[in-house]
Amino acid sequence: MADQLRSLLVGDWWRYTISLLGTLMLAVGVAAVFLDGELTDEELLQAAGLVGTCLVLIAVGARIALTIREFNEMGRVLGWMSLDILVVAAMSAWGAVVLPTINSAFDSMFLFLTVLAAGTLFGAVIGYYDVRVRELITKASREQARREFLDEQQETLSSLNGILRHQILNDLSAIAGRAELMETGKVETDDGTETILDHCEHMEQVVDRVETLVDIQTHAADPAAYNLVTALRDGRDVAAAAGELSVSGLDAVETTVRADELLHLAFAELFENSVIHGDGDVSVTVTETAETAQVEIHDGGPGIEANRPFDPNTRGHHSNGDGLGLYFASLIVDRYGGDIEITRAADPTILVVELPLE
């Protein structure tokens, strides 16, 4: 207990600045009373006003010291206090000139100290509530950020649930159905085993895709200046692992956008669509507007048939993909305040990725 009290009173002594100022003014006023000796009733009333104001100032300073822990917050309080001291001191100087009741140097000093203490008290109170209001605003902002984070997490969990239920359950249903046919002898063992292994392999791919989704959703977005051609080339290299891919037009790209290292995954998803569903021949054109860069991707694939192509688990009637590529790409681009639009659905497919310029 003694250590805590010592830490409170000794540590961060600057927090008690206002109480020290009140104590100093109180000591000066009391010393003046003793030095003057005999006081009139009017002077006693002035002394009582000064003492009362100083005591309240000391109490307010102690309250501020117990509440405020940061030096910059105390600086704001002292700033308000200094401003009010200057204003009230100017008013007291004016009053010392025009008020007829001031007949002696003692009266002038007491009036000045009283008004100075009142100005200090007023400034300290304003500064204290200024700090408190800022704290409430900061707390409200943090609460809003927490709610947004929880909403994002709920959206992530909902997406994971939908993907797993759609993708995994479909595979499990197919495996169970094939196993029943094998058990009844309606399907040869070799054919049934091959189908089951194919679905098992697809489930492994879905797990990898879910891991990619989690990485996208949990990666802290920190957009900064990012070389667009770097993202395009890295995306091309990632997509090339799925098959033959040729991307033209990259040499002419000299644009810097506001993004981060995840941007290349968006382009990888878009390029991979051409590898899986098309001939792997892609051309890229970049144009700049006043605030954005528009990346136009020409894909020689069969086209996009879905009505809501950027929703998860969305595939065309003749597609054998997982329906997640465009969804992942849109998630990444949304992080930067960008947008993806399909301006032409087929012959060739044209997608436009809009990103903010740095």
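Note that the coordinates shown come from a computational prediction; the quantities given were computed from them, not determined experimentally.

Rules of the game
Residues numbered from 1 in each chain as written. Predicted model: local features only at pLDDT ≥ 70, side-chain atom pairs only at ≥ 80, totals over all residues. Heavy atoms only, no water. Helix = DSSP H or I, 4+ residues; strand = E, 2+ residues; numbered from the N terminus. Buried < 20%, exposed > 50% of the residue type's maximum accessible area, 1.4 Å probe, protein only. Contact = heavy atoms within 4.5 Å. Areas by Shrake-Rupley, 256 points an atom, 1.4 Å probe, with all protein chains shown as cover. Salt bridge = Lys/Arg side-chain N within 4 Å of Asp/Glu carboxyl O. Pairing = 2+ DSSP bridges. Axes fitted to C-alpha atoms, helices over the stretch in contact; angles between N-to-C directions. Parallel < 35°, antiparallel > 145°, perpendicular 65-115°, else oblique. Left-handed = near helix turned anticlockwise from the far one by under 90°. Nonpolar A, V, L, I, M, F, W, Y, C, P; charged D, E, K, R; others polar. Core = buried A, V, L, I, M, F, W, Y, C linked by side-chain atoms within 4.5 Å. Phe/Tyr/Trp six-rings, centres within 6.5 Å; stacked < 30°, edge-to-face > 60°. Patch = residues over 30% accessible without salt bridge, like charges linked within 9 Å, V, L, I, M, F, W, Y side chains within 5 Å. Lys, Arg positive; Asp, Glu negative; His and termini not counted. Charge placed at Lys NZ, Arg CZ, Asp CG, Glu CD. Expected span 1.5 Å × (residues − 1). Arc of directions from axis to C-beta. Polar contact = N/O pair within 3.5 Å; in protein donor to acceptor, adjacent residues only side chain to side chain.

Trainee: Looking at this structure, how should I read the overall build of the chain?
Mentor: A count of helical and extended segments in the chain gives 9 helices and 7 strands. Looking at the chain as a whole, 35% of its 358 residues are labelled buried. For the chain, the proportion of contacts with a sequence separation of at least 24, taken over those separated by at least 6, is 74%. Carbon and sulfur atoms provide 57% of the accessible area of the chain, an area that totals close to 20500 Å².

Trainee: Help me understand the pattern of salt bridges, please; the structure alone is not making it clear to me.
Mentor: Summed over the entire model, instances satisfying the criterion amount to 6 salt bridges. Of the charged contacts, one joins E143 and R147 as a salt bridge, the two residues approaching to 3.8 Å between their closest N and O atoms. Taken together, the positions of E143 and R147, both in helix 5 (residues 105-184) and 4 residues apart, correspond to about one turn of that helix. Residue classification places R147 among the partly exposed positions, given a relative accessible area of 39%. For D237, the salt bridge goes to R236, with nearest N and O atoms at 3.4 Å.

Trainee: Is there a simple way to think about the sheet that holds strand 4 (residues 281-288) in this case?
Mentor: Sheet strands line up and pair through hydrogen bonds in the backbone, either parallel or antiparallel. Read from one edge of the open sheet, 5 strands run 2-4-5-7-6, paired in mixed fashion. The open sheet has two edge strands, strand 2 (246-248) and strand 6 (339-344), and neither has a second partner. The mean inter-strand angle of the sheet, taken between neighbouring strand axes irrespective of direction, is 25°. Relative to strand 7 (residues 349-356), strand 5 (residues 292-299) runs antiparallel, the two being bridged by 8 bridges. Considered in strand 7, the bridge of H298 is made with I350.

Trainee: Where do I start with the environment of L357 in this structure?
Mentor: Here L357 is to be found in the segment after strand 7. With 131 residues separating them in the primary sequence, L357 and Y226 have C-alpha atoms 9.3 Å apart. Sequence-distant contacts of L357, that is, excluding residues within four places in its chain, are made with T255, T256, V257, R258, E288, T289, A290, E291, T292 and A293.

Trainee: When you look at the environment of L55 in this model, what are you seeing that I'm missing?
Mentor: Counting through the fold element by element, L55 comes out in helix 3 (residues 41-67). Given a relative accessible area of 46%, L55 falls into the partly exposed group. Along the backbone, L55 and S19 are 36 residues apart, and their C-alpha atoms lie at a distance of 8.9 Å.

Trainee: Teacher, can you tell me more about the packing of helix 6 (residues 189-218) against helix 9 (residues 325-334) here?
Mentor: Between two packed helices, both the angle of their axes relative to each other and the distance between the axes serve to describe the pair. With their axes 10 Å apart at the nearest point, helix 6 and helix 9 run at an angle of 15° to one another. In this view, helix 6 runs roughly parallel relative to helix 9, as classed from their interaxial angle. Crossing hand, helix 6 versus helix 9: left-handed. On helix 9, the residues touching R209, T212, L213, I216 and Q217 of helix 6 are G325, Y327, F328, L331 and I332. Residues of the contact of helix 6 with helix 9, tallied by class, amount to 6 nonpolar, 3 polar and 1 charged.

Trainee: Before we go on, may I ask you to explain the nonpolar core in this structure?
Mentor: What tends to happen in soluble globular proteins is that the nonpolar side chains get buried as a cluster. In terms of nonpolar packing, the biggest core is built from 47 residues, with L263, F267 and F271 touching the most fellow members. Residues within four places of L263 in sequence aside, it is in contact with Y226, L228, A231, V257, I332, Y336 and L355. The next biggest cluster of nonpolar side chains, apart from the first, holds 17 residues, and it includes M25, V60, I64 and V131.

Trainee: Explanation requested: the packing of helix 7 (residues 228-239) against helix 8 (residues 263-277) in the structure shown.
Mentor: Relative orientation of the contacting elements helix 7 and helix 8 amounts to 45°, with a least axis distance of 7 Å. Put simply, helix 7 runs oblique to helix 8. Two packed elements cross with a definite hand, and for helix 7 against helix 8 that hand is right-handed. Counted together, L228, A231, L232, D234, G235, R236, V238 and A239 of helix 7 and L263, H264, F267, A268, F271, E272 and V275 of helix 8 form the full contact between these two elements. The residue makeup of the contact of helix 7 with helix 8, split by class, is 10 nonpolar, 2 polar and 3 charged.

Trainee: In this structure, what is going on with the packing of aromatic side chains? I would like to understand it.
Mentor: Two aromatic rings are characterised by how far apart their centres lie and by the angle between their planes. Taken as a whole and assessed by the stated rule, the structure comprises 2 aromatic pairs. A centroid spacing of 6.3 Å and a plane angle of 25° characterise the contact between F267 and F271, whose relative ring orientation is stacked. Taken as a pair, F267 and F271 lie in helix 8 at a separation of 4 residues, close to a single helical turn. Its relative accessible area of 0% is what places F267 among the buried residues.

Trainee: When you look at a negative patch on the surface in this model, what are you seeing that I'm missing?
Mentor: A cluster of acidic side chains, namely E188, D190, D191, E194, D198, E201, E204, D208, E211 and D215, defines a negative patch on the protein surface. On the secondary structure map, E204 appears in helix 6. For E204, a relative accessible area of 54% corresponds to the exposed category.

Trainee: How should I be thinking about helix 7 in this particular structure?
Mentor: Every α-helix carries 3.6 residues per turn, so stepping three or four residues along brings you back to the same face. Compared with the 16 Å implied by 1.5 Å per residue over 12 residues, the 17 Å span of helix 7 between its first and last C-alpha is a close match. Within helix 7 the residues assigned to the buried category are L228, V229, A231, L232, G235 and A239. For helix 7, the buried positions fall inside an angular range of 160° around the axis, keeping them on one side. In this structure N227 caps helix 7, since a side-chain oxygen of it lies 3.3 Å from the backbone nitrogen of V229.

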